[in-house]
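Chain residues, written in single-letter form:
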Amino acid sequence: MRKLGIVLTAAAVFDLGTVVVSSQAADTIYMKVEITEGRNVGAPASVDHKSGKANTIFKFFKIDAVNTPQACMAKGGTVVSKNGQQACKSQQAIRGWIEVLSF
Amino acid sequence: MTDERPSQAEAVVRLSAGDPEREALIAGRVSVVISGEPVEVALVVPDGKVAVEQVLPIFQGLSNLFVDRAVARAEAEGRTVSCRAGCGACCRQLVPVAEAEARALAHLVEAMPEPRRSHVRRRFDDALNALDAAGLLDRVSQQVQNGALALGLDYFRAGVACPFLEDEACSIHPDRPLACREYLVTSPAQNCRSPSAEGIEMLKLEGDPSLALLKAERTAGWVPLVLALRYAEQAPPAPRDRTGPEILADVIGRL
């Protein structure tokens, strides 16, 4: 038996208001996974328990009017040149599933 | 003062969850401001106290919204998403799903007709056996937070495919987890085959419903997709102490 019909033209019954999604202005150029042996080169790094290797993840953000070289260095990053573009290289959790695992 | 926001009928995005034949539903709205642009979303969800998975279609729709925007932005910049059916490289990664998603995946498998249900269950068993043989099952089961990066890399090297992967394509594509929806690249597809490869350019989303849902989970945390069926069998029943709107407010507020 039909219990309830949806009346979409009626006024909304609940209102969650306005949610501002904070989005990063930076565009990632690419991620690079570097495996360094026996050295912990800084966060975020994880140690492979079998081999003892420290896995260091670098992330590269495009330098632009918003993400300036000064902003890059202020966050502890390094301004480098990649594929003819200026990029901010920083040791941050890479975006994606591995970042989710680290959150 | 009058409310000048669009009504339900004028909303840009309409998302719904629940079955009007079986439960009371309630309509509502939220305005999501993305990069300064308000997006009006009309919502219909169960009104009673429900499990989080009963409103999962709302979060799937929000993931699709953020992905569509990111794809449009990338294409405007001259980039193309490389991902398509036939490339299942990332389907061999360790995929984190929310507990609600794990329960939803278990329900999905249980509802499959035979013999497909048995085939999929067998693939889950085979995947766990392969992880065990590789010495990874204990680490995967412990939801390791420290060392998660190394686990992710080791998991990928083991080459254990998602149990839902068939002919290098997702066999549950309309119902795939949020993490899978949000993981897209614009770099060459072959670069995804190696976990140490340079030149992986991920599509940057303005919001992550997958992360928001994970952070809203109030119990143990994320579940490796490969353990979804085992989790659903062994975990306590899903809590049903919040209404649909209350769950939405919690998750959407974490975007």
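Residues numbered from 1 in each chain as written. Chains lettered and ligands numbered in written order. Predicted model: local features only at pLDDT ≥ 70, side-chain atom pairs only at ≥ 80, totals over all residues.

**Remarks on the overall build of chain B**
Within chain B, the regular secondary structure consists of 9 helices and 9 strands. Of all 255 residues assigned to chain B, the portion counted as buried reaches 43%. Looking at chain B alone, contacts between residues at least 24 apart form 77% of all its contacts between residues at least 6 apart. (Helix = DSSP H or I, 4+ residues; strand = E, 2+ residues; numbered from the N terminus. Buried ≥ 20, exposed ≤ 12 C-beta atoms within 10 Å, placed from the backbone. Contact = placed C-beta atoms within 7 Å.)

**Describing the sheet that holds strand β3 (residues 37–46) of chain B**
If you trace the 4 strands from one edge of the open sheet to the other, you get β1(A)-β2(B)-β3(B)-β1(B), paired in mixed fashion. The two strands at the open ends of the sheet, each matched to only one other strand, are β1 (14–21) of chain A together with β1 (13–16) of chain B. Ignoring strand direction, the axes of neighbouring strands in this sheet form an average angle of 20°. As paired elements, β1(B) and β3(B) share 4 bridges and run parallel to each other. From the neighbouring strand, B:Ser16 faces β3(B), where its bridge partner is B:Val44. The sheet strands contacting helix α1 (residues 56–76) of chain B are β1, β2 (25–34) and β3 of chain B, and the helix crosses β1(B) at an angle near 150°. (Pairing = 2+ DSSP bridges. Axes fitted to C-alpha atoms, helices over the stretch in contact; angles between N-to-C directions.)

**Topic: the environment of A:Cys88**
Position of A:Cys88 relative to the elements: it lies in strand β6 (residues 85–90). Separated by 68 residues in the primary sequence, A:Cys88 and A:Val20 have C-alpha atoms spaced 26 Å apart.

**Some remarks on helix α3 (residues 116–133) of chain B**
Residues and elements named next belong to chain B. Across its 18 residues, α3 extends 25 Å between first and last C-alpha, which sits within 8% of the 26 Å expected from 1.5 Å per residue. What α3 keeps buried is the set Val120, Phe124, Ala127, Leu128 and Leu131. Projected down its long axis, α3 carries its buried residues within an arc of 95°, all on one side. Structural note: α3 exposes Ser118, Arg122, Asn129 and Ala133 on the side pointing more than 90 degrees away from its buried face. (Expected span 1.5 Å × (residues − 1). Arc of directions from axis to C-beta.)

**Some remarks on the nonpolar core**
Residues and elements named next belong to chain B. In terms of nonpolar packing, the biggest core is built from 77 residues, with Leu43, Val55, Ile58, Val97, Val226 and Ala228 touching the most fellow members. By residue number, the principal contributor to this core is α1, which donates 7 residues. Other than its neighbours up to four places away in sequence, Ile58 contacts Leu15, Ala17, Leu43, Val45 and Leu248. (Core = buried A, V, L, I, M, F, W, Y, C linked by C-beta atoms within 7 Å.)

**Details of the packing of α1(B) against helix α7 (residues 209–216) of chain B**
All names here are of chain B. Contact geometry of α1 with α7 gives a least axis separation of 9 Å together with a crossing angle of 145°. Counted together, Phe59, Leu62, Ser63 and Phe66 of α1 and Pro209, Ser210 and Leu213 of α7 form the full contact between these two elements. Taken together, the residues of the contact of α1 with α7 sort by class into 5 nonpolar, 2 polar and no charged. (Nonpolar A, V, L, I, M, F, W, Y, C, P; charged D, E, K, R; others polar.)

**Re the confidence of the model for chain B**
Of all residues in chain B, 90% have pLDDT values of 70 or greater, and the mean over the chain is 88. Among the prediction metrics, the complex's ipTM stands at 0.81, with pTM recorded as 0.76. (pLDDT = per-residue confidence, 0-100.)

**Concerning the environment of B:Leu65**
All names here are of chain B. Within the secondary structure, Leu65 is located in helix α1. Under the C-beta neighbour-count criterion, Leu65 is labelled buried, with 21 such atoms within 10 Å. In sequence terms Leu65 and Leu205 are 140 residues apart; their C-alpha atoms lie 9.7 Å from each other.

**Structural notes on the environment of B:Lys215**
Along the chain, B:Lys215 turns up in helix α7. Since 17 C-beta atoms lie within 10 Å of it, B:Lys215 is described here as partly exposed.

**Brief notes about unusual backbone geometry**
Glycine aside, negative phi is the norm for most residues, and most peptide bonds take the trans geometry. Residue and element names in this part refer to chain B. At the junction of Glu114 and Pro115, the peptide bond is cis and its omega measures out at 5° in the coordinates. Tracing the backbone through its elements, the reader meets Pro115 in the loop between α2 (99–110) and α3. Non-glycine residue Ser35 carries a positive phi angle of around 50°. Assignment of secondary structure puts Ser35 in the loop between β2 and β3.

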